[in-house]
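# Observations on chain architecture
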Amino acid sequence: LIHFYKRVRMTAFCSLVYWENPINSGVLFGSVLLTLISLSYYSLIYVCSNLALIMLLFVLGMKLFTKVAVMVGKNELAEGCPLDQLAAMNVAIPTENLEVYSKQLADKLNLAISELRRLLLVEDMLDTVKFGLSLWCLTYIGAWFNAMTLIVLAWCSAFSIPKLYLMNQEKADEILGKLMTHVEEIKSKVMAVVPVKGPAEKKSE
C-alpha cells in the first residue's frame, strides 16, 4: 500500500513537471515561483501573512459571487465552485503509516551519519578526496549564489529540464552518453593514480 501511494505521488508529480495539464502545472509553478521570489526580498512572516490575506480575499470574493448568482437565479454559475471541491477534499493526515515513515526517516538519517563519519575519518582515501572536492566546489557555488537563488533555480529546472528532455530525447541521450564516457575515462585515470587498498590488504591490516 505504501509503495502504491509512492507511485501515485510520483505519477502526479511527473504529470506536473511534464506539463501534461498546462493549467495545473502553470498554477503550481507560477505560485511557488512567485512565493520564492518574494521570500528573496521580504521576510517569511510578511510573505506568509500576505499570501493568507490574498487567499482569504479570494474565498470571500468567491462566496459573494456564489450568493449573488443564486439570488439572481443563475444557479448554473454557482455549480462547480472550486470552494465546494476544496471543502470535499480529505485534508486529514493519515496516522496509520506514521510509524513506517518515521522508521524510514531514522534509517536514512543513520545511514547519512555513518557515511559522513566514514568520509571524515578517511576510511577510503578515494571517497574522501571526492568528498573534499565536492565541498571545494560548494564553496564557489556558495560565493556565487545564496540559498534562495539556488532554490529558485532548482524549481525552474524541475519544470523545464524534464520537458526539454522529453522534446529532445535523442539528442540529449547522445550528449549524455558522450559525457558519461569522458567521466568514466577521467575516473579510470584517477583510480590509476590514487592507491586504493583491496579487501585482502584491509584484512591483513
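Residues numbered from 1 in each chain as written. Predicted model: local features only at pLDDT ≥ 70, side-chain atom pairs only at ≥ 80, totals over all residues. Heavy atoms only, no water.

What follows concerns the packing of aromatic side chains. Taken as a whole and assessed by the stated rule, the structure comprises 7 aromatic pairs. Ring centres of Trp19 and Phe159 lie 6.1 Å apart, and the angle between their planes is 80°; this geometry places the pair in the edge-to-face category. Of this pair, Trp19 sits in the loop between helix H1 (2–17) and helix H2 (22–41) while Phe159 sits in the loop between helix H8 (147–158) and helix H9 (161–167), placing them 140 residues apart in sequence. An angle of 45° between the planes, with centres 5.3 Å apart, marks the rings of Phe29 and Phe159 as tilted. Here Phe29 is found in helix H2, whereas its partner Phe159 is found in the loop between H8 and H9, with 130 residues between them in sequence. (Phe/Tyr/Trp six-rings, centres within 6.5 Å; stacked < 30°, edge-to-face > 60°. Helix = DSSP H or I, 4+ residues; strand = E, 2+ residues; numbered from the N terminus.)

What follows is about the pattern of salt bridges. Across all of its chains, the model carries 5 salt bridges by this definition. Ionic pairing is found between Arg118 and Asp127, a salt bridge with its closest N-O pair at 3.1 Å. A salt bridge links Glu174 to Lys178; the shortest N-O distance between them is 3.7 Å. With Glu174 and Lys178 both in helix H10 (residues 169–193) and 4 residues apart, this pair spans about one turn of that helix. (Salt bridge = Lys/Arg side-chain N within 4 Å of Asp/Glu carboxyl O.)

Take the side chain of Ser25 next. With respect to the element layout, Ser25 can be found in helix H2. If we ignore the near neighbours within four places in the chain, the residues touching Ser25 are Ser15, Leu16, Trp19 and Phe159. (Contact = heavy atoms within 4.5 Å.)

Before going further, it helps to examine unusual backbone geometry. One non-glycine residue, Trp19, adopts positive backbone phi at about 55°. Judged by relative accessible area, which is 26%, Trp19 ranks as partly exposed. We note that Val122 has phi near 55°; this positive angle belongs to a residue other than glycine. Summarising the element assignment, Val122 is placed in the loop between helix H6 (98–120) and helix H7 (125–144). Look at Val122 and you get partly exposed, because its relative accessible area is 41%. (Buried < 20%, exposed > 50% of the residue type's maximum accessible area, 1.4 Å probe, protein only.)

A few words on the confidence of the model for the chain. With 83% of its residues at a pLDDT of 70 or more, the chain has an overall mean of 80. The spread of mean pLDDT over the elements of the chain runs between helix H11 (residues 199–204), the lowest at 46, and H8, the highest at 90. Low confidence marks residues 1–8, where pLDDT is under 50. Its contacts with residues over four positions away, or in another chain, come to 5 contacts. Contacts of residues 198–205 to residues separated by more than four positions or lying in other chains number 3 contacts, the stretch itself having pLDDT below 50. (pLDDT = per-residue confidence, 0-100.)

Looking now at the layout of surface pockets. Each pocket or cavity is described by its volume, and for the second largest pocket that value is around 250 Å³. Forming the boundary of the second largest pocket are Val27, Ser31, Leu34, Thr35, Ser38, Tyr42, Tyr46, Val47, Asn50, Leu51 and Ile54. Listing elements by their share of the lining of the second largest pocket, those giving two or more residues are H2 and helix H3 (44–71). Looking at the lining of the second largest pocket residue by residue, the classes come out as 7 nonpolar, 4 polar and no charged. (1 Å grid on protein atoms, 1.4 Å probe; cavity = no way out; pocket = protein on both sides within 12 Å on 5 of 7 lines; lining within 4 Å. Points joined across faces, edges and corners; volume = space filled by probe spheres on them. Nonpolar A, V, L, I, M, F, W, Y, C, P; charged D, E, K, R; others polar.)

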